[in-house]
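Here's the letter readout for the chains.
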Amino acid sequence: MSEAPSRARRLGVVTRYREHAAAFSPAFWEVKDVGGAWIDPPPGAIPMVSCFGDNRLGRAHPDWIQVDQEGTLATRESRYFDWTAICPSQEPVRAQAQSWVQKALEQSGGQDLRLDDVSFARDGYCRCPACVSAMKESGSDWSLYRQDTLTEFVRAVRPLVSGRLYLTLYPDPYPGHLEERFGLDIDRLKGVVDAFVLPIYDLAYSTTYWLEVLARGFVDRLAPTPWLLELYGLDVAEAALGRAVDVAAFYADRVVIAYDRDLDKLKRLEARLQRE
Ligand SMILES: [Zn+2]
């Protein structure tokens, strides 16, 4: 059983606005997203680095793209994917991701960092030549090979980050799903990162029972590692978002709102957290 969660008081943000970054804590800033463009972080913001999602690098290096047994590439043009997934088994890809981490920390002047898209694209990925030969050498099976690969990547990044290391997860708390679908061994990663971030997005939050089900699942799944629940804010009605914030604050260690443009709305939502 998990312990009763405590209420989170400060509101965090994911933002593209410098004045928002200065007003909230933690303030996450996408320095490198899945499109591949780089945006310098403002001082004090926590840089987010999309490690294995990059449309631009996929175009420049088609052999870096994750691929399944049938030869289906993990790109936006394929059926399942919203962006191009590049392969963490390939040494130049890992080196590139680590150099993004170093550059992001130098530019932010801070000590904290958030890793995004540390992931295989889905079940059955990747079967590129680098994965096939590394898996054979490992004497392991595909499931364990994928989990070892991503755990080792996060372990390699860990010494570069002197402050808090955050890791974003896909919002599926069902036991075994993150391991089998994306190659993320949650139990081992708990010993490597300082906190997980769970974006649980909706464009309206007109109901919240599903949010509560997922949040409760993550309390069980992630304890004792702290975790942040990230809600989508842009153009979501304030009353509905406020109800979602209440649910999130009950279960998560911290609530984060992503991409809202409205500074006053964010400040009122933070005041709502502090009211009780
Ligand atoms: Zn591969």
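So, how was this worked out
- Residues numbered from 1 in each chain as written.
- Predicted model: local features only at pLDDT ≥ 70, side-chain atom pairs only at ≥ 80, totals over all residues.
- Heavy atoms only, no water.
- Helix = DSSP H or I, 4+ residues; strand = E, 2+ residues; numbered from the N terminus.
- Rg over C-alpha atoms; globule rule 2.2 N^0.38 Å.
- Contact = heavy atoms within 4.5 Å.
- Areas by Shrake-Rupley, 256 points an atom, 1.4 Å probe, with all protein chains shown as cover.
- Lys, Arg positive; Asp, Glu negative; His and termini not counted.
- Charge placed at Lys NZ, Arg CZ, Asp CG, Glu CD.
- Pairing = 2+ DSSP bridges.
- Axes fitted to C-alpha atoms, helices over the stretch in contact; angles between N-to-C directions.
- Buried < 20%, exposed > 50% of the residue type's maximum accessible area, 1.4 Å probe, protein only.
- Right-handed = clockwise from strand over helix to strand, strands pointing away.
- Donors = N, O, S within 2.8 Å, 3.2 Å for Na, K, Ca; no water.
- Tetrahedral: all angles 85-135°; square planar, octahedral: opposite > 155°, others 65-115°.
- Polar contact = N/O pair within 3.5 Å; in protein donor to acceptor, adjacent residues only side chain to side chain.

J.: In this structure, what is going on with the overall build of the protein? I would like to understand it.
T.: In terms of helices and strands, the protein carries ten helices and eight strands. For the protein, the C-alpha radius of gyration of 18 Å lies close to 19 Å, the compact-globule estimate for 276 residues. Each of the three principal axes of the protein carries a C-alpha extent, and together these read 55 × 40 × 35 Å. Contacts spanning at least 24 positions in sequence make up 70% of the contacts within the protein whose residues lie at least 6 apart. Carbon and sulfur atoms provide 50% of the accessible area of the protein, an area that totals close to 12,500 Å². Here the protein carries 33 positive and 40 negative side-chain charges, and the mean point of each set is 3 Å from the other.

J.: Would you mind going over the sheet that holds strand S8 (residues 254–258) with me for this structure?
T.: Note: strands within a sheet are paired through backbone hydrogen bonds, in either parallel or antiparallel orientation. Pairing is parallel in the closed barrel, where eight strands are placed in the order S1-S2-S3-S4-S5-S6-S7-S8. Going from strand to strand, the sheet's axes swing by 25 degrees on average, the running direction of each strand aside. With four bridges connecting them, strand S2 (residues 27–32) and strand S3 (residues 46–50) associate as parallel partners. In the sheet register, Lys32 faces S3, and the bridge partner there is Val49. Together, strand S1 (11–14) and S8 form the strand contacts of helix H10 (residues 263–275), whose direction differs from that of S1 by roughly 150 degrees.

J.: Please explain the pairing of strand S6 (residues 195–199) as it appears in this structure.
T.: A regular strand places its side chains on the two faces of the sheet in alternate fashion. Counted residue by residue, S6 has five buried out of five residues, so it is predominantly covered. Taking every second residue as pointing to the same face, both faces of S6 are buried, with Ala195, Val197 and Pro199 on one and Phe196 and Leu198 on the other. Pairing geometry for strand S5 (residues 165–168) and S6, over three bridges, is parallel. Each residue of the ladder has a partner; that of Leu167, found in S6, is Phe196. Bridge count for S6 against strand S7 (residues 227–232) is four bridges, and the pairing is parallel. Its bridge partner lying in S7, Leu198 is registered against Leu229. For the crossover from S6 across helix H8 (residues 209–222) to S7, the handedness is right-handed.

J.: What am I meant to see in the coordination of the zinc ion here?
T.: Angles between donor atoms at a metal ideally measure 109.5 degrees for a four-coordinate tetrahedral arrangement and either 90 or 180 degrees for a six-coordinate octahedral one. For the zinc ion, the full set of protein donor atoms is Cys87 (SG), Cys126 (SG), Cys128 (SG) and Cys131 (SG), and the range of their distances to it is 2.2 to 2.4 Å. Each of the four donor atoms bound to the zinc ion contributes to angles spanning 96 to 115 degrees, and the resulting shape is tetrahedral. Binding-site remark: the zinc ion is held by donors from one chain whose sequence spacing is C-x38-C-x1-C-x2-C. Remark: Cys128 occurs in the loop between strand S4 (113–116) and helix H4 (129–138) and Cys87 occurs in the loop between helix H2 (55–60) and helix H3 (91–108); sequence separation between them is 41 residues. The pair Cys87 / Cys128 is uniform in exposure class, with both members buried.

J.: When you look at the pairing of S8 in this model, what are you seeing that I'm missing?
T.: The buried count for S8 comes to four of five residues, which makes it a mostly enclosed element. With four bridges connecting them, S1 and S8 associate as parallel partners. Bridge pairing in S8 places Val14 opposite Ala258. Pairing of S7 with S8 involves five bridges; the strand directions are parallel. Residue pairing for S8: Tyr232 is matched across the bridge by Ala258. For the segment spanning S7, helix H9 (residues 238–251) and S8, crossover handedness is right-handed.

J.: In this structure, what is going on with the environment of Asp194? I would like to understand it.
T.: By the secondary structure assignment, Asp194 is in the loop between helix H7 (186–189) and S6. Judged by its relative accessible area of 25%, Asp194 is partly exposed. In this structure, the C-alpha to C-alpha distance between Asp194 and Gly163, residues 31 residues apart in sequence, is 8.9 Å. Excluding its chain neighbours within four sequence positions, the residues that come into contact with Asp194 are Arg158, Gly163, Arg164, Leu165, Thr225 and Pro226. Within polar-contact distance, the side chain of Asp194 engages the side chain of Arg158 at 2.8 Å. Among the polar contacts listed, one links the side chain of Asp194 to the backbone nitrogen of Leu165, at a separation of 2.7 Å.

Shape descriptors only; they carry no functional weight alone.
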